[in-house]
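Overview (structure and organization)
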Amino acid sequence: MRVVIEKGENEVAIRAARFVADLVRRKPACVLGLATGGTPLGMYRELIRLHREEGLDFSRVTTFNLDEYVGVPEDHPQSYRYFMQENLFKHLNVVPAKTHVPDGRSLDFEASCRRYEQMIQEAGGIDLQVLGVGRDGHIAFNEPGSSLGSRTRVKSLTGETIRDNARFFGSEDQVPRLAITMGVGTILESQRCLLLATGAAKASAIRSTIEGPITAQITASALQLHRDVIVVLDEEAGSWLTRREYYAEVERAQTLLEAGQLHELGIGNP
Ligand code: F6R
């Protein structure tokens with residue numbers, strides 16, 4: 001895992017957007033896995049800025065969102081489709097038919113979940129999956145106890161997630177109890193994962209994700225099994241990590257390597 005600790009939320013947004021933008025430039029027809037929630041909003045704003053000011057082209061990009069509430073129509077202000085539309089898609093030149101969010105209205109859950117997995121496969125798999133993490137360590141809606149091999153399916157939200165998401169719905173009893181979510185196994189098949197976290201409320205989940213044992217009780221910890229994960233944190237979210245200095249050292253070396261400044265690392269002649 002590459003752990004990048006930035007000063008604050010703003011720096012996290014800019015850094016994370018750079019990883020996405022680099023991929024879009026390198027592979028214009030890439031497949032992005034996207035998340036909703038408060039965490040990626042800054043990164044989405046930065047991608048919109050890069051599109052407007054630097055011409056970052058999303059016309060060949062395909063997207064798949066992690067999850068959607070069950071029973072919430074697409075045009076409901078709290079549906080994840082609506083969230084993506086308002087906060088990202090409508091500001092980019094992405095082709096609407098290439099943007100995918102699980103279908104929360106289909107009552108044939110099994111078929112629609114299978115179809116979602118199939119569409120990801122047909123698109124060639126996800127190149128970069130953006131993830132946030134819940135305070136209980138969930139990724140997507142893979143709540144504690146979810147199988148680490150799980151696929152796209154229907155999940156019941158935990159009380160903690162319902163309480164956390166009540167801020168968007170006005171009250172707890174308005175929050176849907178079920179969601180369709182990519183599974184941990186689905187997420188682990190992405191070529192690269194980009195996990196973002198900001199704020200002190202995420203410090204415990206982040207410590208468990210990065211430094212704790214791999215357990216279905218913290219589904220984000222399954223990312224330790226993935227060969228290419230970048231975690232971008234602000235100082236608060238990283239504040240419970242015990243190996244912060246080492247991560248900073250690795251990051252410094254990585255930056256110098258990427259810049260070709262090998263002599264700074266004691267390699268070759270100055
Ligand atoms: C959203 C999602 C969730 C959130 C997580 C953190 O699509 O899959 O796992 O990433 O609940 O939410 P925020 O960013 O609002 O703290």
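Here the structure is a predicted model, which is why all the values come from computation and not from measurement.

The rules behind the values
Counting starts from 1 at the beginning of each chain's written sequence and moves along it residue by residue. It should be noted that, the model being predicted, local features are given only for residues of pLDDT at least 70 and side-chain atom pairs only at 80 or more, the latter also being counted only at that level, while totals for whole chains, interfaces and linings use all residues. Values reported for side chains reflect all heavy atoms of the structure, with hydrogen atoms and water molecules removed beforehand. For each residue, the test is whether any non-hydrogen atom lies within 4 Å of the molecule or strand; if one does, the residue is near. For every accessible area listed, the method is Shrake-Rupley and the probe measures 1.4 Å; residues are considered covered only by the protein chains on display. Each residue is assigned to one class: nonpolar for Ala, Val, Leu, Ile, Met, Phe, Trp, Tyr, Cys and Pro, charged for Asp, Glu, Lys and Arg, and polar for all the others, Gly among them. Any residue under 20% of the maximum accessible area for its type is buried, any over 50% is exposed, and the rest in between are partly exposed; the area is computed with a 1.4 Å probe on protein chains only. Segments assigned H or I by DSSP are reported as helices when at least four residues long, segments assigned E as strands when at least two residues long, and all are numbered from the N terminus. Strands were regarded as paired on the criterion that DSSP finds at least two bridges between them. The patches described consist of residues with a relative accessible area above 30% and no salt bridge, like charges being joined within 9 Å and nonpolar side chains (Val, Leu, Ile, Met, Phe, Trp, Tyr) within 5 Å. Any carboxyl oxygen of Asp or Glu within 4 Å of a side-chain nitrogen of Lys or Arg constitutes a salt bridge here. Only four residue types enter the charge count: Lys and Arg as positive, Asp and Glu as negative, with His and the chain ends excluded. Each charge is placed at NZ for Lys, CZ for Arg, CG for Asp and CD for Glu. Contacts are assigned to residue pairs with any non-hydrogen atoms lying within 4.5 Å of each other. To form a nonpolar core, buried Ala, Val, Leu, Ile, Met, Phe, Trp, Tyr and Cys residues must be joined to one another through side-chain atoms within 4.5 Å. To estimate how far a helix should reach, multiply one less than its number of residues by 1.5 Å. For helices, the fitted axis covers only the stretch in contact; all axes are lines through C-alpha atoms, and the angles between them, taken along N-to-C directions, range from 0 to 180 degrees. Count a disulfide wherever a pair of cysteine sulfur atoms falls within 2.5 Å.

This part is about the site of the ligand. What surrounds the ligand is a group of 15 residues, the closest being Thr39, Asp67, His138, Ala140 and Lys202. Taking 410 Å² as the accessible area of the ligand by itself, protein coverage stands at 91%. Across the shell around the ligand, the residue classes tally to five nonpolar, seven polar and three charged.

Extensive coverage of strand E10 (residues 229-234) is indicated by the burial of six of its six residues. Bridging between strand E1 (residues 2-6) and E10 involves five bridges; their strand directions are parallel. Bridging from a neighbouring strand, Ile5 pairs with Leu233 of E10. The pairing of strand E9 (residues 192-197) with E10 spans five bridges and is classified as parallel.

On the surface, Glu9, Glu11, Glu235 and Glu236 cluster together into a patch of negative charge. With respect to the element layout, Glu11 can be found in helix H1 (residues 9-26). Residue Glu11 is classed as partly exposed on the basis of its relative accessible area, which comes to 34%.

Now for the environment of Leu131. One can find Leu131 in strand E6 (residues 128-131). Sequence separation between Leu131 and Pro28 is 103 residues; the distance between their C-alpha atoms is 21 Å. Beyond its immediate sequence surroundings of up to four residues, Leu131 is in contact with Ala35, Leu66, Ile139, Ile187, Cys193, Leu194, Leu195, Leu196 and Leu223.

Residues Val20, Leu32, Met43, Leu47, Phe58 and Leu194 are the most contacted members of the largest nonpolar core, which totals 32 residues. Among the secondary structure elements, those contributing two or more residues to this core are H1, strand E2 (31-34), helix H2 (41-54), helix H3 (80-87), E6, E9 and E10. Tallying contributions element by element places H1 first for this core, with eight residues. Among all residues touching Met43, those that are not within four sequence positions of it are Ala13, Ala16, Ala17, Val20, Val130, Leu194 and Leu196. Counting 28 residues, the second largest nonpolar core, distinct from the first, contains Ile120, Leu131, Val133 and Leu233.

Taken together, Leu257, Leu262 and Ile267 make up a surface patch of nonpolar side chains, about 250 Å² in accessible area. Looking at the secondary structure, you find Leu262 in the segment after helix H8 (244-258). What makes Leu262 partly exposed here is its relative accessible area of 35%.

Between its first and last C-alpha, H8 extends 21 Å over 15 residues, near the 21 Å set by a 1.5 Å rise per residue. For H8, the set of buried residues is Tyr247, Glu251 and Leu256. Where H8 is buried, its residues touch E1, H1 and helix H7 (203-211). One or two positions beyond H8, positive phi appears at Gly260, with a value near 75 degrees.

Our next topic: the sheet that holds E10. Pairing within the open sheet is parallel, and its seven strands lie in the order E1-E10-E9-E6-E2-E3-E5. Of all strands in the sheet, those bounded by a partner on one side alone are E1 and strand E5 (99-100). Sheet strands touched by H1: E1, E2, E6, E9 and E10. Its angle to E10, the strand with the most contacts, is close to 155 degrees.

Looking now at the sheet that holds strand E4 (residues 67-69). Taken in spatial order, the three strands line up as E4-E8-E7 in an open sheet, and their pairing is antiparallel. Among the strands making up the open sheet, the edge pair consists of E4 and strand E7 (153-156). Strand-to-strand, the axes of this sheet are offset by a mean angle of 30 degrees, without reference to chain direction. Of the strand pairs in this sheet, E4 and strand E8 (residues 178-181) are connected by three bridges, and their pairing is antiparallel. Bridge pairing in E8 links Asp67 to Thr181.

Here the focus is the state of the cysteines. In total, this model carries zero disulfides according to the counting rule given. Residue Cys193 stays outside any disulfide, its sulfur separated by 14 Å from that of Cys30, the closest cysteine.

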